Amino acid sequence: MAVDTKMLIAKAVRKLLVEKKVKKLTVKDIVEECHITRQSFYYHFEDIPSLLRWILEKGMEEVIQEAQNQNGAEAGLRYFFLVAINAMPYFKKTMQSNYGDEFEKILKQQVYRMFQQVVDRENLYQNSSQFELKLILRYHSQAIWGILEEWTEEDTKNLDRIVHEVYLLMTGGITPF
């Protein structure tokens, strides 16, 4: 039942941000939208940033799982790009809300975490020190973030080529120098 309530709250947040274009997201708005009490909200979440973190963690878990089910790491990366591109309107609306900075920080942490899991699963960068590995992960997650932030219609047309080039960059198939 707790997960169902959490999902109900998450759905209400999406509706408020995307459909109703709320800029100042409040607990009051959320509980009214999903017809629960404030106590119920606070039973499940400490505050709105913890709710946003939960939404992103759940979403990223699903993306990672489905990406792993794809036919290879490059196909998994393509799946990630597709999900991110399709979720971009929601992300942009959320970043325009009063929790935009917090949401962006959490989203970047989740992208980093996802790449960390891919590196672990694929045994990439085995000869790198912990320091080097963290730097590589920061580099790749920020690079992906930058690409997605500036995404265009032209990029959508070239999705497969972009994914392939990013995959080669990430796996050492080509170097940026």
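Now for a look at the structure at hand. As the structure is a computational prediction, the values presented were derived from the model and not from experiment.

With respect to the overall build of the chain
On a plain count of helices and strands, the chain comes out with nine helices and zero strands. Shown N-terminal to C-terminal, the secondary structure of the chain runs as helices and strands in the order α-α-α-α-α-α-α-α-α. For the chain, the C-alpha atoms occupy an extent of roughly 55 × 35 × 30 Å along the three principal directions. Counting across all 177 residues of the chain, residues that qualify as buried make up 36%. Partitioning the contacts of the chain with sequence separation of at least 6, the portion at a separation of at least 24 is 63%.

Here's the deal with the side chain of Asp155
Locating Asp155 in the fold gives a position in helix 8 (residues 153-157). Of the side chains with opposite charge, Arg161 lies nearest to the buried Asp155, which makes no salt bridge, at 10 Å. Among residues more than four places away in sequence, those in contact with Asp155 are Glu150 and Ile162.

Some remarks on the packing of aromatic side chains
This model, assessed by the stated rule, comprises seven aromatic pairs. Note on Phe80 and Phe81: the rings are 6.1 Å apart at their centroids and 80° apart in plane angle, and the pair reads as edge-to-face. The same class applies to Phe80 and to Phe81, which are both buried. Their ring planes at 50° and their centres at 5.8 Å tell us that Phe91 and Phe103 sit as a pair that is tilted. Taken together, the positions of Phe91 in helix 5 (residues 73-95) and Phe103 in helix 6 (residues 100-122) put the pair twelve residues apart, joining distant regions of the chain. Joined through ring pairs, the aromatic side chains of Phe41, Tyr42, Phe45 and Trp54 make up one cluster.

Observations concerning the packing of helix 5 against helix 7 (residues 130-149)
Between helix 5 and helix 7, the shortest axis-to-axis distance is 10 Å and the interhelical angle comes to 70°. As summarised for this structure, helix 5 and helix 7 are arranged roughly perpendicular, according to the angle between their axes. Contacts between helix 5 and helix 7 pair Phe80, Phe81, Ala84, Ile85, Met88 and Met95 from the former with Ile144, Trp145, Ile147 and Leu148 from the latter. Within the contact of helix 5 with helix 7, the residues separate by chemical class into ten nonpolar, no polar and no charged.

Let's talk about unusual backbone geometry
A positive phi angle, close to 55°, is found at His35, a residue other than glycine. Tracing the sequence through the fold places His35 in the loop between helix 2 (27-34) and helix 3 (38-44). Not every positive phi belongs to a glycine, and Asn123 is a case in point at roughly 55°. Inspection of the secondary structure assignment puts Asn123 in the loop between helix 6 and helix 7.

Criteria and cut-off values
Residues numbered from 1 in each chain as written. Predicted model: local features only at pLDDT ≥ 70, side-chain atom pairs only at ≥ 80, totals over all residues. Heavy atoms only, no water. Helix = DSSP H or I, 4+ residues; strand = E, 2+ residues; numbered from the N terminus. Buried < 20%, exposed > 50% of the residue type's maximum accessible area, 1.4 Å probe, protein only. Contact = heavy atoms within 4.5 Å. Lys, Arg positive; Asp, Glu negative; His and termini not counted. Salt bridge = Lys/Arg side-chain N within 4 Å of Asp/Glu carboxyl O. Phe/Tyr/Trp six-rings, centres within 6.5 Å; stacked < 30°, edge-to-face > 60°. Axes fitted to C-alpha atoms, helices over the stretch in contact; angles between N-to-C directions. Parallel < 35°, antiparallel > 145°, perpendicular 65-115°, else oblique. Nonpolar A, V, L, I, M, F, W, Y, C, P; charged D, E, K, R; others polar.

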